[in-house]
Amino acid sequence: MEGSASGQAGFVSRARRLLRLGASHGPLYAMALHRMTASAQYDPEANWRFWTAPRNGVLEGVLRGYPSAGHRGKLLDKMLRQGHAEGIEFHYDVSNDFYRFFLDQDYMLYTCARFLADDETLEQAQKNKVDFLIELLAPEAGHQILDLGFGWGGMMRCISEQIGTRDGLLGYTLSKQQLAFVRNLGFDVELQDFIEKNYAPESLDRIISIGSLEHVRPDELLHFYNKLFRALRPGGRMVAQFFSLDHEPIPPSMVWVQLFFPGSLLAMHNVHVAAVKQAGFIIKEDVTDSYKKTLRCWYDNLVNNRDKAIATSGIHIYNEYMTFFPMAWRFFHDGDSSLHRMLLIKP
Ligand SMILES: C[S@@+](CC[C@H](N)C(=O)[O-])C[C@H]1O[C@@H](n2cnc3c(N)ncnc32)[C@H](O)[C@@H]1O
C-alpha cells in the first residue's frame, strides 16, 4: 500500500513538474524532457512518428506558439548565461564509442552529408560532402590550415590525404574526448575556444568550419568573423558549412534545443551574411542542402545498434538521441532553418 502511495506521489509530482515546464518553456520542451529522461525503450517507428507525423492545425498552433515570442527572448537570455565550454562538454563528451554507433563508419562526421541520389549510403554522402568542401577550400601543401571544431577529425584526415602532409594543419575543439581521439590519430589539435582565441594577423591560408558556427551566438558573430578575416592572408579562403534561421521571430525550437545544446543559439542567415560582408569577405558560393536524410540515417544506425549503445552510455543518453534526431528532422521539415555551404574569400 505504502509503495503504491509513494509511486502515485512520484507520478503526480513528475506530472506537475512537466505541466509547469510546459507552461514556462513550451509543450515541446516538456515532452522532450519527459521522453529523454524516461527509462523505457520506445518503439523506434512509433517514436519517429510521434515527433515527425503531421499534426492537426490547433495542436500545431499550440506547439509552435509556445513559449510566446515575447517570453522566448527573456527565457533564452537566462538559458544562455552559461559559457560555451560547459555546453559543448555536455553534448559531445558522452563517449567517443557512443558516436560510432550512429555516425558514418569512414570519417565519423557529425554534420549534414550531401546525398546526390536516393539510394546512396551515409558513407557515400559524407564523402560527397567532403569532396565538395575540399574543392571549395583548395588546400595545398605549405598552407597553414585551421579546422574550427574538428569533431572526430574526419575532415583533417581528408585534407591531409589530399595535400599529402599533416604539416600546417591545426584544429580546435572544446571537447576533451574529441581532443584525445584526434591527438591519438597524430594530428596537431588543441582544446581551445575558437571564439575567444586571439589569432595572429595574416597567419592562415585556409579556414574550414563544418557544423561549428551553429555554436557561435548571434551577438558574437561580427566580432568572430572580423577576427577570422584578419587572421587570413590576402587571397585566403574560409569554407563554412552550417545551418541558420530563415526568418524572424526566433522559433520556439531555440528553447527546446537547449536540452541538447545548452548555451548555443542560431543566428538568422541574413545576420551571417551581413557580418561576413562587414568583416570584408567576398561571398563566392552559398548553396543550401537538406539535413533530413542524414538525421534519419543516424536514427536508423542508432536503432540498429541499440543494445550496444545502451550498454555503452545508458538508456538516458540513448533516449536523448532518439528524441533529438526526429525533433531536429521536424525542425528542418517545418522550414525554420536551412543548411548552407559557403565559400568566403579575403580579397
Ligand atoms: C557538430 S560538431 C562538428 C564536428 C566536425 N566538424 C564534423 O564535421 O564532424 C561541432 C564541433 O565544434 C566544436 N566547437 C563548438 N564550439 C566551439 C568553440 N567555441 N571552440 C572550439 N570548438 C568548438 C565542437 O567541440 C565540435 O568539435
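Cut-off values and rules
Residues numbered from 1 in each chain as written. Predicted model: local features only at pLDDT ≥ 70, side-chain atom pairs only at ≥ 80, totals over all residues. Heavy atoms only, no water. Helix = DSSP H or I, 4+ residues; strand = E, 2+ residues; numbered from the N terminus. Buried < 20%, exposed > 50% of the residue type's maximum accessible area, 1.4 Å probe, protein only. Contact = heavy atoms within 4.5 Å. Areas by Shrake-Rupley, 256 points an atom, 1.4 Å probe, with all protein chains shown as cover. Core = buried A, V, L, I, M, F, W, Y, C linked by side-chain atoms within 4.5 Å. Near = heavy atom within 4 Å. Polar contact = N/O pair within 3.5 Å; in protein donor to acceptor, adjacent residues only side chain to side chain. 1 Å grid on protein atoms, 1.4 Å probe; cavity = no way out; pocket = protein on both sides within 12 Å on 5 of 7 lines; lining within 4 Å. Sits in = over half its atoms within 2 Å of the grid points. Nonpolar A, V, L, I, M, F, W, Y, C, P; charged D, E, K, R; others polar. Pairing = 2+ DSSP bridges. Axes fitted to C-alpha atoms, helices over the stretch in contact; angles between N-to-C directions. Points joined across faces, edges and corners; volume = space filled by probe spheres on them. Salt bridge = Lys/Arg side-chain N within 4 Å of Asp/Glu carboxyl O. Arc of directions from axis to C-beta. Lys, Arg positive; Asp, Glu negative; His and termini not counted. Disulfide = S-S within 2.5 Å.

### Let's talk about the overall build of the protein
Working step 1: Each helix and strand in the protein was counted, giving 16 helices and seven strands.
Working step 2: The dimensions of the protein, computed from C-alpha atoms along their principal axes, are 75 × 45 × 35 Å.
Working step 3: Buried positions account for 56% of the 347 residues belonging to the protein.
Working step 4: Put simply, 76% of the contacts in the protein that link residues at least 6 apart link residues at least 24 apart.
Working step 5: Accessible area of the protein: about 15,300 Å², with a carbon and sulfur share of 53%.

### Focus: the nonpolar core
A general tendency of soluble globular proteins is for nonpolar side chains to be buried together.
Working step 1: Membership of the largest hydrophobic core comes to 91 residues, with the highest contact counts inside it found for Tyr-99, Phe-102, Tyr-110 and Tyr-321.
Working step 2: Core analysis: the second largest hydrophobic core is formed by 29 residues, Ile-195, Ala-240, Ala-267 and Ala-279 among them.

### Points about the site of the ligand
Working step 1: Taken together, the neighbourhood of the ligand is formed by 20 residues, with Tyr-110, Thr-111, Gly-149, Thr-173 and Gln-178 sitting nearest.
Working step 2: With respect to the ligand, the side chain of Thr-111 contributes an N or O atom lying 2.7 Å from an oxygen atom.
Working step 3: Asp-193 places a side-chain nitrogen or oxygen 2.9 Å from a nitrogen atom of the ligand.
Working step 4: Protein contact buries 98% of the 590 Å² of open area that the ligand shows by itself.
Working step 5: When atoms are counted within 2 Å of each cavity's grid points, the one that captures over half of the ligand is the largest cavity.
Working step 6: Broken down by class, the residue content of the shell around the ligand amounts to nine nonpolar, 10 polar and one charged.

### Thoughts on the sheet that holds strand 1 (residues 145–148)
Working step 1: A sheet is described by the order of its strands in space; here seven strands give the open sequence 3-2-1-4-5-7-6, paired in mixed fashion. Across the chains shown, the open sheet's two edge strands, defined by having one partner strand only, are strand 3 (188–191) and strand 6 (282–289). Recorded for the sheet is a direction-independent mean angle of 15° between the axes of neighbouring strands.
Working step 2: Pairing analysis gives nine bridges linking strand 5 (residues 232–245) to strand 7 (residues 337–345), with the strands arranged antiparallel.

### A few points about empty space enclosed by the protein
Empty space among the atoms can be located by rolling a probe the size of a water molecule over them.
Working step 1: Scanning all chains against the criterion turns up four cavities of 30 Å³ or more.
Working step 2: There is about 720 Å³ of room inside the largest cavity.
Working step 3: If you go around the largest cavity, you meet 46 residues; those closest to its centre are Tyr-92, Gly-211, Ser-212, His-215 and Phe-261.
Working step 4: The element that contributes the greatest number of residues to the lining of the largest cavity is helix 16 (residues 315–333), accounting for four residues.
Working step 5: Residues that form the lining of the largest cavity fall into these classes: 28 nonpolar, 15 polar and three charged.

### A word on the pattern of salt bridges
Working step 1: Taken as a whole and assessed by the stated rule, the structure comprises 13 salt bridges.
Working step 2: The shortest N-O distance in the salt bridge between Glu-60 and Arg-64 comes to 3.9 Å. Separated by four residues within a single helix, Glu-60 and Arg-64 lie in helix 4 (residues 57–65), roughly one turn from each other.
Working step 3: Of the residues examined, Glu-60 reaches a relative accessible area of 16% and is grouped as buried.
Working step 4: In this structure, Asp-334 engages Arg-330 in a salt bridge whose closest nitrogen and oxygen atoms are separated by 3.0 Å.
Working step 5: Its relative accessible area of 8% is what places Arg-330 among the buried residues.
Working step 6: Counted as one network, the salt bridges with shared partners bring together Arg-55, Glu-60, Arg-64, Arg-330, Asp-334 and Asp-336.

### Re helix 13 (residues 269–279)
Working step 1: Three or more residues of helix 13 are buried, namely His-269, His-272, Val-273, Ala-275, Val-276 and Ala-279. Axial view of helix 13: buried residues confined to an arc of 165°, hence all on one face. What points out from helix 13, more than 90 degrees from its buried face, is the exposed set Asn-270, Lys-277 and Gln-278.
Working step 2: Once helix 13 finishes, Gly-280 follows within two positions and takes phi at roughly 120°, a positive value.

### Points about the side chain of Glu-214
Working step 1: Tracing the backbone shows Glu-214 in the loop between strand 4 (204–210) and helix 11 (221–231).
Working step 2: Buried within the structure, Glu-214 lacks any salt-bridge partner; its nearest side chain of opposite charge belongs to Lys-129, at an N-O separation of 9.6 Å.
Working step 3: A polar contact of 3.0 Å, which involves the side chain of Glu-214, links it to the backbone nitrogen of Phe-243.
Working step 4: Excluding residues within four positions of it along the chain, Glu-214 makes contact with Gln-241, Phe-242, Phe-243, Ser-264, Leu-265 and Leu-266.

### Let's talk about the state of the cysteines
As used in these notes, a disulfide is a covalent bond between sulfur atoms, one from each of two cysteines.
Working step 1: Applying the stated criterion to the full structure yields zero disulfides.
Working step 2: Free cysteine Cys-158: the closest other cysteine sulfur is in Cys-112, separated by 16 Å.
Working step 3: Cys-297 forms no disulfide, and the closest cysteine sulfur to it belongs to Cys-112, at a distance of 10 Å.

Remember that the coordinates give geometry; whether it matters functionally is a separate question.
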